[in-house]
Amino acid sequence: MNQSSNPFEGFQSGFAAIAGAPNVGKSTLLNRMIGEKISITSSKPQTTRNRIMGIAHGEDYQIVFLDTPGVHRSNKPLNRKIVEVALAAIDEVDLILVVVDASNPDPQSEALIVEKLQQRKNTPALLALNKIDLIEKPRLLHQIDTWSKAHPFAEIFPISALDGTQVPELLAAMRNLLPEGPPYFPEDALTDMPERFIVAEIVREKIFEQTGQEVPYGTAVTIESFEESDDLIHIHAAVHVERDSQKGIIIGKQGQMLKTIGTEARTDIEHLLGTKVFLKLFVRVEKNWSRNPRAMRKLGY
Ligand SMILES: Nc1nc2c(ncn2[C@@H]2O[C@H](COP(=O)(O)OP(=O)(O)OP(=O)(O)O)[C@@H](O)[C@H]2O)c(=O)[nH]1
Ligand SMILES: [Mg+2]
C-alpha cells in the first residue's frame, strides 16, 4: 500500500480575512458562518474596532476567519488605527473575503479595498454582495458585472448575511479555495478571543444601539474585574467617554440609560457564559482618548 506522505490529505484549512467598507455586514456574516455571536454588530458604521477571530469547523475543513474593522478614509487617530488593523489582517491570510453592501455602495471605501487586493494578487479573493434581501435583481446583475471587472475574484456570491441566503454556498466555495493543512484549533473552539474581551464588546454594542451622534464613537469599555463564585460571575466594567457631556448621556435621566445598557448587556453575557451574571457599569471621563494614541492603547486600541 502506498503510505501518503501528507498526514492531512483531504483536510483543508487556513485563515480567511473578512474585509470591506464599514457597515456592510462583515460581523453579521462572521457570526452566521460560525453559528454563534462572537462579533458585535450594529446599524452604525465603525462598530468593529479589533481583529475578531471566529472558527468554522467541518468534517474535512477548518476556516479561521478574521473579522476586521470597516476600511474607510479618515483623519481621526482612532479611525486610522482601526483601518490599519483591518489592512494588516489582509496581509496575514490564505484567502480574502470581500463584503460589499449591494443595497448601498460606498465607492470611496471600496476603492481602498480594491487597491489592497491589487497588492495581494497571489491571495485568492471572493466577493460577497450582501444585503440582497433589500434590492431588486436588475441592480444586482449590474453590480456583478462591475465587480467582475474591478478584480479577478475567484467567485462572486450574492448573499444575505441576515437571513442566511447563499451563505452555505459561500462557505463551501471558501473551503475549496483553502490549501490542504492541519486543523489549527481544537474542534470545539469558536474563537480565541478572551471572554473578558467579548464581554466588553457586548457592553459596547449596547451603547452603539442605545446612543446616537458622536457618543458611541467616543466610548470604550474595559473590564475592571471578573470574579467567578459558585453560581455567579461578578463583572465590573468601566465605560470610558471623552467628555462630561457624554458621561451625562450614557448615564441618562436618573440613571435610566446606564440601566438599560446594563440590563441588555447582562442578558447577552449570561447567554455567552452560560451562567448568572452580576454586571456593574460605571462611567469615567478620559478626556479626548480617541485622539491620543497612548490613551487609545490603554483602552485596547
Ligand atoms: N437587510 C440586511 N441587513 C444586514 C445584512 N447583513 C447585515 N445587515 C445589517 O447591517 C448592519 C451592519 O452590520 P454589521 O455586521 O455590524 O456590519 P460590519 O460590516 O461588521 O460593520 P463595521 O464593523 O462597522 O465595519 C446591521 O444593522 C446588520 O443587521 C443583510 O444581509 N441584510
Ligand atoms: Mg463589524
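Residues numbered from 1 in each chain as written. Chains lettered and ligands numbered in written order. Predicted model: local features only at pLDDT ≥ 70, side-chain atom pairs only at ≥ 80, totals over all residues. Heavy atoms only, no water.

1. Focus: the coordination of the magnesium ion (ligand 2)
So, point 1. The coordination sphere of the magnesium ion (ligand 2) contains the protein donors Ser27 (OG) and Thr48 (OG1), at a distance range of 2.0 to 2.1 Å. Pair noted here: Ser27 is in helix 1 (residues 26-34) and Thr48 is in the loop between helix 1 and strand 2 (52-58), with a separation of 21 residues, a long-range link.
So, point 2. Look at Ser27 and you get buried, because its relative accessible area is 8%. (Donors = N, O, S within 2.8 Å, 3.2 Å for Na, K, Ca; no water. Helix = DSSP H or I, 4+ residues; strand = E, 2+ residues; numbered from the N terminus. Buried < 20%, exposed > 50% of the residue type's maximum accessible area, 1.4 Å probe, protein only.)

2. Topic: the site of ligand 1
So, point 1. Every one of the 23 residues lining ligand 1 counts as a neighbour, but Lys26, Thr28, Gln46, Thr47 and Asp133 are closest to it.
So, point 2. Ser27 is positioned such that a nitrogen or oxygen atom in its side chain is 2.9 Å from an oxygen atom of ligand 1.
So, point 3. Here an oxygen atom of ligand 1 sits 3.2 Å away from a polar atom, N or O, in the main chain of Gly70.
So, point 4. Burial of ligand 1 by the protein chains amounts to 90% of its free accessible area of 650 Å².
So, point 5. Counting residues per element, the shell around ligand 1 draws most heavily on helix 1, which supplies three residues.
So, point 6. Of the residues that constitute the shell around ligand 1, the class distribution is six nonpolar, 13 polar and four charged. (Near = heavy atom within 4 Å. Polar contact = N/O pair within 3.5 Å; in protein donor to acceptor, adjacent residues only side chain to side chain. Areas by Shrake-Rupley, 256 points an atom, 1.4 Å probe, with all protein chains shown as cover. Nonpolar A, V, L, I, M, F, W, Y, C, P; charged D, E, K, R; others polar.)

3. A few points about the environment of Leu190
So, point 1. Relative to the helices and strands, Leu190 is located in the loop between helix 5 (167-177) and helix 6 (195-210).
So, point 2. Every residue in contact with Leu190, bar those within four places of it in the chain, is listed here: Ile34, Glu36, Ile38, Met53, Gly54 and Ile55. (Contact = heavy atoms within 4.5 Å.)

4. Some points on the environment of Arg291
So, point 1. Along the chain, Arg291 falls in the loop between strand 9 (276-285) and helix 9 (293-298).
So, point 2. Along the backbone, Arg291 and Glu242 are 49 residues apart, and their C-alpha atoms lie at a distance of 9.5 Å.
So, point 3. For Arg291, the contacting residues outside a window of four places in its chain are Pro77, Glu242 and Arg243.

5. Section: the packing of aromatic side chains
So, point 1. Throughout the structure, instances matching the rule amount to four aromatic pairs.
So, point 2. Between Phe208 and Tyr217, the aromatic rings sit 5.5 Å apart at their centres with planes inclined by 80 degrees, giving edge-to-face as the arrangement. (Phe/Tyr/Trp six-rings, centres within 6.5 Å; stacked < 30°, edge-to-face > 60°.)

6. Section: the domain arrangement of the protein chain
So, point 1. Taken as a whole, the protein chain is organised into domain 1 (12-177) and domain 2 (195-298).
So, point 2. Carbon and sulfur atoms supply 58% of the area buried between domain 1 and domain 2, which totals about 1500 Å² over both sides.
So, point 3. The largest per-residue losses of area from domain 1 upon contact with domain 2 belong to Ile40, Lys44 and Arg49, which jointly make up 40% of the total buried on that side.
So, point 4. Counting across the interface, domain 1 meets domain 2 through one salt bridge. (Domains from an automatic or database assignment. Buried area = accessible area lost by both parts, 1.4 Å probe. Salt bridge = Lys/Arg side-chain N within 4 Å of Asp/Glu carboxyl O.)

7. Side note on the environment of Leu29
So, point 1. By secondary structure assignment, the location of Leu29 is in helix 1.
So, point 2. Classification of Leu29 by relative accessible area gives buried; the value is 0%.
So, point 3. Those residues in contact with Leu29, other than ones at most four positions away along the chain, are Leu97, Val99, Ile159, Ala161, Val167 and Leu170.

8. Topic: the sheet that holds strand 7 (residues 220-228)
So, point 1. Pairing within the open sheet is mixed, and its three strands lie in the order 7-8-9. Only two strands of the sheet have a single neighbouring strand rather than two, namely strand 7 and strand 9. Sheet twist, expressed as the mean angle between neighbouring strand axes with direction ignored, is 20 degrees.
So, point 2. Pairing analysis gives eight bridges linking strand 7 to strand 8 (residues 232-241), with the strands arranged antiparallel. Considered in strand 8, the bridge of Glu227 is made with His234.
So, point 3. Sitting on the sheet, helix 6 touches strand 7, strand 8 and strand 9, and the angle it makes with strand 7 is about 130 degrees. (Pairing = 2+ DSSP bridges. Axes fitted to C-alpha atoms, helices over the stretch in contact; angles between N-to-C directions.)

9. A short note on the sheet that holds strand 6 (residues 155-158)
So, point 1. In space, the six strands of this open sheet follow the order 2-3-1-4-5-6, with mixed pairing throughout. Across the chains shown, the open sheet's two edge strands, defined by having one partner strand only, are strand 2 and strand 6. Neighbour-to-neighbour, the strand axes of the sheet open up by a mean angle of 25 degrees, direction not taken into account.
So, point 2. In the sheet, strand 2 pairs with strand 3 (residues 61-67) via seven bridges, with the strands oriented antiparallel. Looking at strand 3, one finds that Gly54 is bridged to Phe65.

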